[in-house]
Amino acid sequence: DGYFRNVTMSNLFVASGGVDVFPPDTFFPDADVISSSTIIGGSPRGIHVQGRNLISVSGETDAIEIVDFSDPSNPYLVASSTLGAGVTPTEFVVENDILILAGDYSGVDGLRFYDIRNLNNPVNLGEIDLSHQSIGDVDAAGVHAFAISSVSSSMYIVNLGDPAKPRLIDTVTG
């Protein structure tokens, strides 16, 4: 009932209603859990490991949550930043200290960009409207974000050269 998003040299992280941490060579359902934590909100929209921190976006609390896992047996919440009223996250990815969040923003489907250089205080940089496309997946490489619509079989390519002013540069329909 969970999924893993990141494997580090020291741990495998599995998210569902919380986060379970396993040794990295353990890929069996009955493996010994190093720690199990429900300190993040439910319905995580993914997890990203950055150094000793785990970044999650909760679909239940609609917040970016940062957890310190430097001691996997004793994780603690470093910061939780609400996404604002009317935000329903669906997926996220981190690229170059920018958290790219796909979701519904008060009825507008699109991508929102957060500067996470200071994990204690994620800053909303901007967003791009991909109206009525219900973004089901997002990824990034360099200065480009790639978003896949779950309703139109289209991929949107967004330039993030200036994350405060993202620009749609192409739409590929399949």
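Peer 1: Hey, could you go over the overall build of the chain for me, with residue numbers and the actual values?
Peer 2: When you go through the chain residue by residue, the secondary structure sums to 0 helices and 16 strands. Across the 174 residues of the chain, 46% fall into the buried class. The long-range fraction of contacts in the chain, counting pairs at least 24 apart against all pairs at least 6 apart in sequence, stands at 31%. About 8,400 Å² of surface is accessible on the chain, with carbon and sulfur atoms providing 49% of the total.

Peer 1: Report on the nonpolar core, specifying residues and quantitative values.
Peer 2: Within the largest apolar cluster, 16 residues are counted, with the highest numbers of intra-cluster contacts made by Ile100, Leu111, Phe113, Ile135 and Val158. Of all the secondary-structure elements, those providing two or more residues to this core are strand 10 (98–105), strand 11 (108–115), strand 13 (135–141), strand 14 (144–149) and strand 15 (154–159). For Ile135, the residues in contact, after removing those within four places along its chain, are Thr90, Ala102, Gly110, Leu111, Leu130, Ala147, Ile148, Ser149 and Tyr156. Listed in part, the 15 residues of the second largest apolar core include Ile55, Val57, Ile66 and Val87.

Peer 1: Pulling in residues and values, what's your account of the sheet that holds strand 15?
Peer 2: Judged by pairing direction, the sheet is antiparallel, and its 4 strands sit side by side in the order 13-14-15-16 without closing on themselves. Edge positions in the open sheet fall to strand 13 and strand 16 (167–173), since each of these has one partner strand only. In this sheet, adjacent strand axes meet at a mean angle of 20° when their direction is disregarded.

Peer 1: Tell me about the pairing of strand 10, and please be specific about residues and values.
Peer 2: For strand 10, a buried count of 7 out of 8 residues is recorded, marking the element as mostly surrounded by other parts of the structure. With 8 bridges joining them, strand 9 (residues 87–95) and strand 10 adopt antiparallel strand pairing. Paired with Thr88 across the strands is Asp104, a residue of strand 10. Remark: 2 residues form the turn of the hairpin made by strand 9 and strand 10, two consecutive strands paired antiparallel; Asn96 in that turn has positive phi of roughly 50°. As paired elements, strand 10 and strand 11 share 8 bridges and run antiparallel to each other. Residue pairing for strand 11: Asp104 is matched across the bridge by Asp109. A loop of 2 residues connects strand 10 with strand 11, the two strands running antiparallel in sequence, and Ser106 in this loop sits at a positive phi of about 55°.

Peer 1: Tell me about the pairing of strand 7 (residues 63–68), and please be specific about residues and values.
Peer 2: By the criterion of burial, strand 7 is predominantly enclosed, with 6 of the 6 residues buried. Of the two faces of strand 7, both are covered, the one formed by Ala63, Glu65 and Val67 as well as the one formed by Ile64, Ile66 and Asp68. Across 6 bridges, strand 6 (residues 53–58) lies against strand 7 in antiparallel orientation. Its bridge partner being in strand 7, Leu54 is matched across the sheet by Val67.

Peer 1: Quick one: what's the story with the pattern of salt bridges, residue by residue and with numbers?
Peer 2: Using the criterion set out here, one finds 2 salt bridges in the structure. The partner of Arg112 in a salt bridge is Glu127, with the nearest N and O atoms 2.8 Å apart. Linking Arg112 in strand 11 with Glu127 in strand 12 (residues 123–129), this pair joins segments that are 15 residues apart in sequence. Given the relative accessible area of 10%, Arg112 is considered buried. Between Asp115 and Arg117 there is a salt bridge, with its nearest N and O atoms 2.4 Å apart. By relative accessible area, Arg117 is classed as exposed at 64%.

Peer 1: How would you explain the sheet that holds strand 12 if you had to name every residue and give the values?
Peer 2: Strands sit in the order 9-10-11-12 across an open sheet of 4 strands; the sheet is antiparallel. Bordering the open sheet on either side are strand 9 and strand 12, each of which pairs with just one other strand. For this sheet, the mean angle separating the axes of adjacent strands, direction not counted, is 25°.

Analysis parameters
- Residue positions are counted from 1 within each chain, in the order its sequence is given.
- Reporting of local features is limited, given that this is a predicted model, to residues whose pLDDT is at least 70; pairs of side-chain atoms are given and counted only at 80 or more, and all residues count toward the totals for whole chains, interfaces and linings.
- Water and hydrogen atoms were dropped before computing side-chain values, which therefore reflect all heavy atoms in the structure.
- Each helix is a run of DSSP H or I of at least 4 residues and each strand a run of E of at least 2, with the numbering of both proceeding from the N terminus.
- Throughout this description, buried means an accessible area under 20% of the type-specific maximum (1.4 Å probe, protein chains only), exposed means over 50%, and partly exposed covers the range between.
- Throughout, a residue-residue contact means that at least one pair of heavy atoms, one from each residue, lies within 4.5 Å.
- Every accessible area reported is derived by Shrake-Rupley at a probe size of 1.4 Å, with residue values counting cover from the shown protein chains alone.
- To form a nonpolar core, buried Ala, Val, Leu, Ile, Met, Phe, Trp, Tyr and Cys residues must be joined to one another through side-chain atoms within 4.5 Å.
- Note on pairing: DSSP must find at least two bridges between two strands before they are called paired.
- All axes are obtained by fitting lines to C-alpha atoms, using only the stretch in contact for helices, and the reported angles, taken between N-to-C directions, cover 0 to 180 degrees.
- Whenever a carboxyl oxygen of Asp or Glu lies within 4 Å of a side-chain nitrogen of Lys or Arg, that contact is scored as a salt bridge.

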